[in-house]
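Chains, contacts and geometry: an overview
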Amino acid sequence: MSEPIVIGARQLEKRFGTIEAVRGIDLEVRRGEIFGFLGPNGAGKSTTINILCTLLQPTAGTASVAGFDVARQPNEVRRRLGLVFQDPSLDIQLTARENLEFHAFLYRVPKAERAKRIADVLEMVQLTDRAESMVMTYSGGMKRRLEIARGMLHTPEVLFLDEPTIGLDTQTRRHIWGYLNELPKRGVTIFMTTHYMEEAEFCDRIAVIDHGKIQAIGTPEELKGMVGGDVVTITTANDQAAAPLIGAIAGSQPKTDDGMLRVEVADGAAFVPKLVRELPVEVTSIAFRRPSLDDVFLKLTGRAIRAEEGSEKDLTRMMGRAWGRR
């Protein structure tokens, strides 16, 4: 039996004057999923998330979170959400415990339950021994773990993560994902954005949005299957002249990606020697590999997601200000 739908949208639209930011989105996220929401700047990603978090009213269509309509029942929705912003939002002049106590007060966690809940989330992120330390003494990874603990303190049904590990080193990011991967076992649904494609691999399903529309939804493997075959990257002595010639040999026109020509072929091992043999332009480097989520993103949007690093800061600040006015 499939899990119930926790986040749903039907023909969701948002217009700002003549600009259509979101154009008829249909979306379903089931309880316990880790759901990735990927898109470049201006794609409609930020607007959609703002609607789901009750910070914007939709122009048309409907959306619900945890069974409550985001437009008609915003307070009920907010009680069931946890948020981890991209920008730091802890009070570094307070201790970890004081940060959590303040959050518990804002979310009206019953006094009788606060101490136990704080102890539980600190243990979950292994910060019990630093509970009385001021946050200004924490490393970046420790602060992120504390923000995750804070987001879980009021036992949300849905946890929104905006670039949860941005700016952290690879080891710390892996450590944090050790905690995040455990949350669905507690019945928590994670809805996240990221520009780290290796992080998107942790998602059960991913939606790619561009130009206000969902371009594709599927598991990481299903999305990579959309690319098909192998991805060949080539640099030559004259890429401008080589591009149409490579297209003629490959049967599909190459795209430019990070200063290299990129083309999809059915069999990279057979294509590479054929290209080197037949291309009248000097090849300076060539490689092929299986498709990645980066390739999917580039195929669907025409842009590389890594160029979008740090691009959601205005969304994060807007979310933080609006949440503070609750």
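The sections below set out a description of the structure shown in this document.

Parameters at a glance
- Residues numbered from 1 in each chain as written.
- Predicted model: local features only at pLDDT ≥ 70, side-chain atom pairs only at ≥ 80, totals over all residues.
- Heavy atoms only, no water.
- Helix = DSSP H or I, 4+ residues; strand = E, 2+ residues; numbered from the N terminus.
- Buried < 20%, exposed > 50% of the residue type's maximum accessible area, 1.4 Å probe, protein only.
- Areas by Shrake-Rupley, 256 points an atom, 1.4 Å probe, with all protein chains shown as cover.
- Lys, Arg positive; Asp, Glu negative; His and termini not counted.
- Charge placed at Lys NZ, Arg CZ, Asp CG, Glu CD.
- Pairing = 2+ DSSP bridges.
- Axes fitted to C-alpha atoms, helices over the stretch in contact; angles between N-to-C directions.
- Contact = heavy atoms within 4.5 Å.
- Patch = residues over 30% accessible without salt bridge, like charges linked within 9 Å, V, L, I, M, F, W, Y side chains within 5 Å.
- Salt bridge = Lys/Arg side-chain N within 4 Å of Asp/Glu carboxyl O.
- Parallel < 35°, antiparallel > 145°, perpendicular 65-115°, else oblique.
- Left-handed = near helix turned anticlockwise from the far one by under 90°.
- Nonpolar A, V, L, I, M, F, W, Y, C, P; charged D, E, K, R; others polar.

It is worth spelling out the overall build of the chain at this point. Across its full length, the chain holds twelve helices and 14 strands. For the chain, the spread of C-alpha atoms along the principal axes amounts to about 75 × 45 × 40 Å. Counting the 326 residues in the chain, one finds 52% classified as buried. Total accessible area on the chain stands at roughly 15200 Å², and carbon and sulfur atoms take up 51% of it. With 43 positive and 44 negative side-chain charges, the chain shows a spacing of 5 Å between the two charge centroids.

Turning our attention to the environment of leucine 55. With respect to the helices and strands, leucine 55 occurs in the loop between α1 (45-52) and β4 (60-65). Overall, leucine 55 belongs to the buried group, its relative accessible area being 15%. A sequence separation of 16 residues divides leucine 55 from alanine 71, and the C-alpha atoms of the two residues are 9.4 Å apart.

Take the sheet that holds strand β14 (residues 283-289) next. Spatially, four strands are ordered β12-β13-β11-β14 in an open sheet, and the strand pairing comes out antiparallel. Of all the strands in the sheet, the pair left with one neighbour each is β12 (255-257) and β14. Recorded for the sheet is a direction-independent mean angle of 30° between the axes of neighbouring strands. Pairing between strand β11 (residues 230-236) and strand β13 (residues 260-265): five bridges, direction antiparallel. Its bridge partner being in β13, valine 231 is matched across the sheet by glutamate 264. Strands β11, β13 and β14 of the sheet are contacted by helix α10 (residues 268-278), whose axis makes an angle of about 20° with β11.

Together, Ile92, Met134 and Met136 give the surface a local cluster of nonpolar side chains, amounting to about 240 Å² of exposed area. Position of isoleucine 92 among the secondary structure elements: in the loop between β6 (81-84) and α3 (96-106). Using a relative accessible area of 37% as the deciding quantity, one classes isoleucine 92 as partly exposed.

Packing of helix α5 (residues 140-152) against helix α6 (residues 170-180) leaves a shortest axis separation of 10 Å and a crossing angle of 15°. Between α5 and α6, the crossing angle belongs to the class labelled roughly parallel. For α5 against α6, the interelement crossing comes out right-handed. Facing Gly141, Arg144, Arg145 and Ile148 of α5, the residues of α6 in contact are Thr172, His175, Ile176, Tyr179 and Leu180. Taken together, the residues of the contact of α5 with α6 break down into four nonpolar, three polar and two charged.

This part is about the sheet that holds strand β1 (residues 5-16). What links the strands of a sheet is backbone hydrogen bonding, and the strands pair in either a parallel or an antiparallel sense. The strand order β2-β1-β4-β5 describes an open sheet built from four strands, whose pairing is antiparallel. Only two strands of the sheet have a single neighbouring strand rather than two, namely β2 (19-30) and β5 (68-69). Relative to β2, β1 runs antiparallel, the two sharing nine bridges. Directly across from isoleucine 7, in β2, lies its bridge partner valine 29. Its contacts with the sheet put α1 on β1, β2 and β4, and the angle it makes with β1 is roughly 120°.

This part covers the environment of leucine 90. By secondary structure assignment, the location of leucine 90 is in the loop between β6 and α3. Here leucine 90 falls in the buried class, since its relative accessible area comes to 15%. Those residues in contact with leucine 90, other than ones at most four positions away along the chain, are Asn99, Val135, Lys143, Leu146, Glu147 and Arg150.

This part covers the pairing of β11. For β11, the tally of buried residues reaches seven of seven residues, placing the bulk of the element in the interior. In this structure, β11 lies alongside β14, joined through six bridges in antiparallel fashion. Pairing of threonine 233 across the sheet is with alanine 287, part of β14.

The values are spatial; any link to function lies outside them.
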